[in-house]
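Single-letter residue listing:
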Amino acid sequence: MSSRFIITLSCPDRPGIVAALSHVLAENGFNITESQQYSDLESGQFFMRVACEGAAAKDRLSAELNPLAAGFDMHLAIHEADKKQRMLILLSKFDHCLIDLIYRQQSGSINMDIAAIASNHETGRHWAEGAGLAYHGLGQKQDKADNEARLNALIDEAQIDLIVLARYMQILTPQFVARHEARIINIHHSFLPSFKGAEPYSQAHKRGVKIIGATAHFVTADLDEGPIIAQGTEPVRHDMSVADLVDVGRDTERRTLARAVSLYAERRVFINGTKTVIFD
């Protein structure tokens, strides 16, 4: 029976990386079905994503690739292509991104399972329960320590791979972010780095912008500063109110977040310092 894997790697750039990996795969009977690579001249780092098919089990392929990874000082991972990652969605009062992600999971357009939903409001409960998904209530801002302790327990118990802040309006502590480094994605309702922080649509309206945007990025300890994964924009007119901008912006938010989650689910996102490499 054929197995499908996705191999992701990053390492200092040098000649022979692609040849060495291709040789190991060929020697073990694997056929490469997709391959993308990038050499960053500024950082000197090399990034690669390879999809392959073959008869060997994951353990055997890993054993064959371990010497190569050590020789090139690689961060290398082998992922089962048919195994869906598990997602935890966090939200507050606005449920448009939640609804969109539920729909995409049900329609099969996103290769990820929603394992749980948690919120400090009841806004999304009926959507979750209607879809047969577990919904966990959280406390408010003053309950931050208890909230994060409960979330950590839920993440461990449900074996969560990705945490999605679908308009979750509480600031996470540095300790929580560090524990889940590189697996928290936030949707910010502006085209970063413009209009950080609270009420970005009001800020945009005051500046008379002609486009508004949304940014999906990894969460770091610095608010709205994490590596950007995806961005979307829509044109707006001078006669639009703040409410009009919000209405247009929510559609942009849901599409941008869904794109970021899909890229992550397919192992197409690599962190490169303060930026990302996206193999789309």
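First, a word on what this report is: a plain description of the structure on this page. (Residues numbered from 1 in each chain as written. Predicted model: local features only at pLDDT ≥ 70, side-chain atom pairs only at ≥ 80, totals over all residues. Heavy atoms only, no water.)

### Some details on the environment of T274
For T274, the position within the fold is in the loop between strand 12 (269-272) and strand 13 (275-278). Since its relative accessible area comes to 68%, T274 is described here as exposed. A sequence separation of 42 residues divides T274 from G232, and the C-alpha atoms of the two residues are 19 Å apart. (Helix = DSSP H or I, 4+ residues; strand = E, 2+ residues; numbered from the N terminus. Buried < 20%, exposed > 50% of the residue type's maximum accessible area, 1.4 Å probe, protein only.)

### Re the pattern of salt bridges
Enumeration over the complete set of coordinates arrives at 17 salt bridges. With its nearest N and O atoms 3.2 Å apart, the salt bridge here joins D100 to R254. Of this pair, D100 sits in helix 3 (residues 96-107) while R254 sits in helix 8 (residues 242-265), placing them 154 residues apart in sequence. The class of R254 is partly exposed, set by a relative accessible area of 25%. (Salt bridge = Lys/Arg side-chain N within 4 Å of Asp/Glu carboxyl O.)

### Examining the sheet that holds strand 3 (residues 45-54)
The sheet built from 4 strands is open, its strands ordered 2-3-1-4 with antiparallel pairing. Each edge of the open sheet is held by one strand with a lone partner, namely strand 2 (31-40) and strand 4 (75-80). The average angle at which neighbouring strand axes cross in this sheet is 10°, direction not considered. Pairing between strand 1 (residues 3-12) and strand 4: 6 bridges, direction antiparallel. What sits directly across from I6, in strand 4, is H79. In the packing of helix 1 (residues 17-27) onto the sheet, contacts are made with strand 1, strand 2 and strand 3, and the angle to strand 3 comes to roughly 15°. (Pairing = 2+ DSSP bridges. Axes fitted to C-alpha atoms, helices over the stretch in contact; angles between N-to-C directions. Contact = heavy atoms within 4.5 Å.)

### A few points about the nonpolar core
By size, the foremost hydrophobic cluster in this structure holds 32 residues, and its most contacted members are L101, I117, I185, L257 and V261. If you list the elements that add at least two residues to this core, you get strand 5 (85-91), helix 3, strand 6 (112-119), strand 8 (162-165), strand 9 (184-188), strand 10 (211-218), strand 11 (228-235) and helix 8. The element best represented in this core is helix 8, accounting for 7 residues. Apart from residues no more than four positions distant in its own chain, L101 is found in contact with I89, I110, I114, V164, L257, A258 and V261. I17, F46, F72 and I78 belong to the second-largest nonpolar core, a separate cluster that totals 21 residues. (Core = buried A, V, L, I, M, F, W, Y, C linked by side-chain atoms within 4.5 Å.)

### Digging into the packing of helix 7 (residues 200-207) against helix 8
Where helix 7 meets helix 8, the axes come as close as 10 Å, and the angle between the chain directions of the two elements is 125°. By the criterion of interaxial angle, the relationship of helix 7 to helix 8 is oblique. Handedness of the helix 7/helix 8 crossing: right-handed. Seen from helix 7, the contacting residues are Y201, S202 and H205; seen from helix 8, they are V242, L245, V246, G249, R250 and E253. The class makeup of the residues in the contact of helix 7 with helix 8 is 4 nonpolar, 3 polar and 2 charged. (Parallel < 35°, antiparallel > 145°, perpendicular 65-115°, else oblique. Left-handed = near helix turned anticlockwise from the far one by under 90°. Nonpolar A, V, L, I, M, F, W, Y, C, P; charged D, E, K, R; others polar.)

### Details of the side chain of H79
On the secondary structure map, H79 appears in strand 4. A polar atom in the side chain of H79 sits 3.1 Å from the side chain of T8. For H79, the contacting residues outside a window of four places in its chain are R4, F5, I6, T8 and R267. (Polar contact = N/O pair within 3.5 Å; in protein donor to acceptor, adjacent residues only side chain to side chain.)

### A closer look at the pairing of strand 5
The buried count for strand 5 comes to 6 of 7 residues, which makes it a mostly enclosed element. The pairing of strand 5 with strand 6 spans 7 bridges and is classified as parallel. Looking across to strand 6, one finds that I89 is bridged to I117. Regarding topology, helix 3 serves as the crossover connection from strand 5 to the parallel strand 6, and that connection is right-handed. For strand 5 and strand 8, the ladder comprises 4 bridges, and the chain directions are parallel. Along strand 8, the bridge assignment pairs M87 with L162. (Right-handed = clockwise from strand over helix to strand, strands pointing away.)

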